[in-house]
Amino acid sequence: MTVDVRRSTAELMDLASRAGAELEGAPAEEIVGWAAATFGPRFCVTSSMADAVLAHVASRVVPGVEVVFLDTGLHFPETLRVRDQVTRTIPVTVRTVRPELSVAEQDERFGSRLYSRDPDSCCYLRKVKPLEEALAGYDAWAAGLRRDESPTRANTPVVHFEQSRGKVKVNPLATWTQADVDAYIARYDIPVNQLLNQGYGSVGCWPCTRRTQPGEDARAGRWAMFEKTECGLHAA
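No experiment lies behind these values; they were computed from the predicted model shown. (Residues numbered from 1 in each chain as written. Predicted model: local features only at pLDDT ≥ 70, side-chain atom pairs only at ≥ 80, totals over all residues. Heavy atoms only, no water.)

Some details on the pattern of salt bridges
Moving on, step 1. One pass over the full model with this rule turns up 10 salt bridges.
Moving on, step 2. The residue Arg60 makes a salt bridge to Glu29 at a minimum N-O spacing of 2.8 Å. Of this pair, Arg60 sits in helix 3 (residues 53–61) while Glu29 sits in helix 2 (residues 28–39), and the two are 31 residues apart along the sequence.
Moving on, step 3. Look at the salt bridges and you will find they share partners, linking Glu100, Lys129 and Glu133 into a network. (Salt bridge = Lys/Arg side-chain N within 4 Å of Asp/Glu carboxyl O. Helix = DSSP H or I, 4+ residues; strand = E, 2+ residues; numbered from the N terminus.)

So, the sheet that holds strand 4 (residues 140–142)
Moving on, step 1. Taken in spatial order, the six strands of this open sheet run 3-2-1-4-6-5, and their pairing is mixed. Only two strands of the sheet have a single partner each, and these edge strands are strand 3 (93–97) and strand 5 (159–162). Geometrically, the sheet is characterised by an average inter-axis angle of 30° between neighbouring strands, direction not taken into account.
Moving on, step 2. Note: strand 1 (residues 43–46) against strand 4, three bridges, orientation parallel. Bridging across to strand 4, Cys44 finds its partner in Trp141.
Moving on, step 3. The sheet contacts of helix 1 (residues 9–22) involve strand 5 and strand 6 (167–170), and relative to strand 5 the element is tilted by about 155°. (Pairing = 2+ DSSP bridges. Axes fitted to C-alpha atoms, helices over the stretch in contact; angles between N-to-C directions. Contact = heavy atoms within 4.5 Å.)

A word on the packing of aromatic side chains
Moving on, step 1. By the definition in use, this model includes five aromatic pairs.
Moving on, step 2. Between Trp176 and Tyr184, the aromatic rings sit 5.5 Å apart at their centres with planes inclined by 50°, giving tilted as the arrangement. The burial state of Trp176 is the same as that of Tyr184; both residues are buried.
Moving on, step 3. Grouped by ring-pair contacts, the aromatic residues Trp176, Tyr184 and Tyr188 constitute a single cluster. (Phe/Tyr/Trp six-rings, centres within 6.5 Å; stacked < 30°, edge-to-face > 60°. Buried < 20%, exposed > 50% of the residue type's maximum accessible area, 1.4 Å probe, protein only.)

Thoughts on the pairing of strand 2 (residues 66–70)
Moving on, step 1. Most of strand 2 is tucked away: four of the five residues are buried.
Moving on, step 2. For strand 1 and strand 2, the ladder comprises two bridges, and the chain directions are parallel. If you follow Thr46 over to strand 2, its bridge partner there is Val68.
Moving on, step 3. Chirality of the crossover, the property in question, places the unit of strand 1, helix 3 and strand 2 among those that are right-handed.
Moving on, step 4. Sheet topology note: the strand 2/strand 3 ladder contains five bridges and is parallel. Across the sheet, residue Leu70 finds its bridge partner in strand 3, namely Val97.
Moving on, step 5. Tracing the backbone out of strand 2, into helix 4 (residues 77–89) and back to the parallel element strand 3 gives a crossover that is right-handed. (Right-handed = clockwise from strand over helix to strand, strands pointing away.)

Some words on the packing of helix 1 against helix 2
Moving on, step 1. Their axes nearest at 12 Å, the elements helix 1 and helix 2 cross at an angle of 160°. As judged from the angle between their axes, helix 1 and helix 2 are roughly antiparallel. Judged by the twist between their axes, the crossing of helix 1 over helix 2 is right-handed. Contacts between helix 1 and helix 2 involve Leu12, Leu15 and Ala19 on the former and, on the latter, Trp34, Thr38 and Phe39.
Moving on, step 2. Residues belonging to the contact of helix 1 with helix 2 are distributed by class as follows: five nonpolar, one polar and no charged. (Parallel < 35°, antiparallel > 145°, perpendicular 65-115°, else oblique. Left-handed = near helix turned anticlockwise from the far one by under 90°. Nonpolar A, V, L, I, M, F, W, Y, C, P; charged D, E, K, R; others polar.)

Looking at the side chain of Thr46
Moving on, step 1. Tracing the backbone through its elements, the reader meets Thr46 in strand 1.
Moving on, step 2. Among residues more than four places away in sequence, those in contact with Thr46 are Leu54, Val68, Leu131, Trp141, Ala142 and Ala143.

A look at helix 4
Think of an α-helix as turning once every 3.6 residues; residues three or four places apart then point the same way.
Moving on, step 1. Compared with the 18 Å implied by 1.5 Å per residue over 13 residues, the 18 Å span of helix 4 between its first and last C-alpha is a close match.
Moving on, step 2. Three or more residues of helix 4 are buried, namely Glu78, Thr79, Val82, Arg83 and Val86. Seen from one end, helix 4 has its buried residues packed into an arc of 150°, which puts them on one side. Along helix 4, exposed side chains directed more than 90 degrees from the buried face belong to Pro77 and Arg88. (Expected span 1.5 Å × (residues − 1). Arc of directions from axis to C-beta.)

What about the side chain of Thr38?
Moving on, step 1. Mapping Thr38 onto the fold places it in helix 2.
Moving on, step 2. With relative accessibility at 13%, the residue Thr38 sits in the buried group.
Moving on, step 3. A distance of 2.7 Å separates a polar atom in the side chain of Thr38 from the backbone oxygen of Trp34. (Polar contact = N/O pair within 3.5 Å; in protein donor to acceptor, adjacent residues only side chain to side chain.)

Everything listed is a geometric property; what it means functionally is a separate question.
Quick look at the structure:
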């Protein structure tokens, strides 16, 4: 990795703009390699642990890269199992980040089952705020978003500048299809959340995730009781 270099907002915006155009259609490994070479230790990867594809791709390019995992306190056991498998079997540094409040403390302060009354607030407290704090020491971060996951992600760029966080966002798998993911998992024996084999198209916190029905997009089972499709982590 390169030395730890802090860049101005203008520099980050310029880097993201140029890379977004130049790396469109590039292999995921090349996109990760660009981010690692450009930002060094100020670049990290995030993972929801639905599978370990992005973590594995990054490990092949940057062994030891930091992988940030948000432990909301409301994950399925299967999700935590993937996190533990990644820690044991893939050469990355898993960094588990937790919210300021435990679930019990949140219940005491805001009332029980906040996720069923105000899921946006619950997501902010247990996901968005912890991620923003975790990313404070980085200029760029990678996520596993793909364009084929849902209509809301159809225009996901491979690299762009996040105005809301003032950071460069890298999506190395943006152009991958589900078939690409399945092939990569089979080739490298990647850890996968077992719920994906039990009718779940996407896996989040257990209170707000259900199995998907035939014909639904992969994320239809998330917050199905609300007009909500994203947790807020991937706002532009």
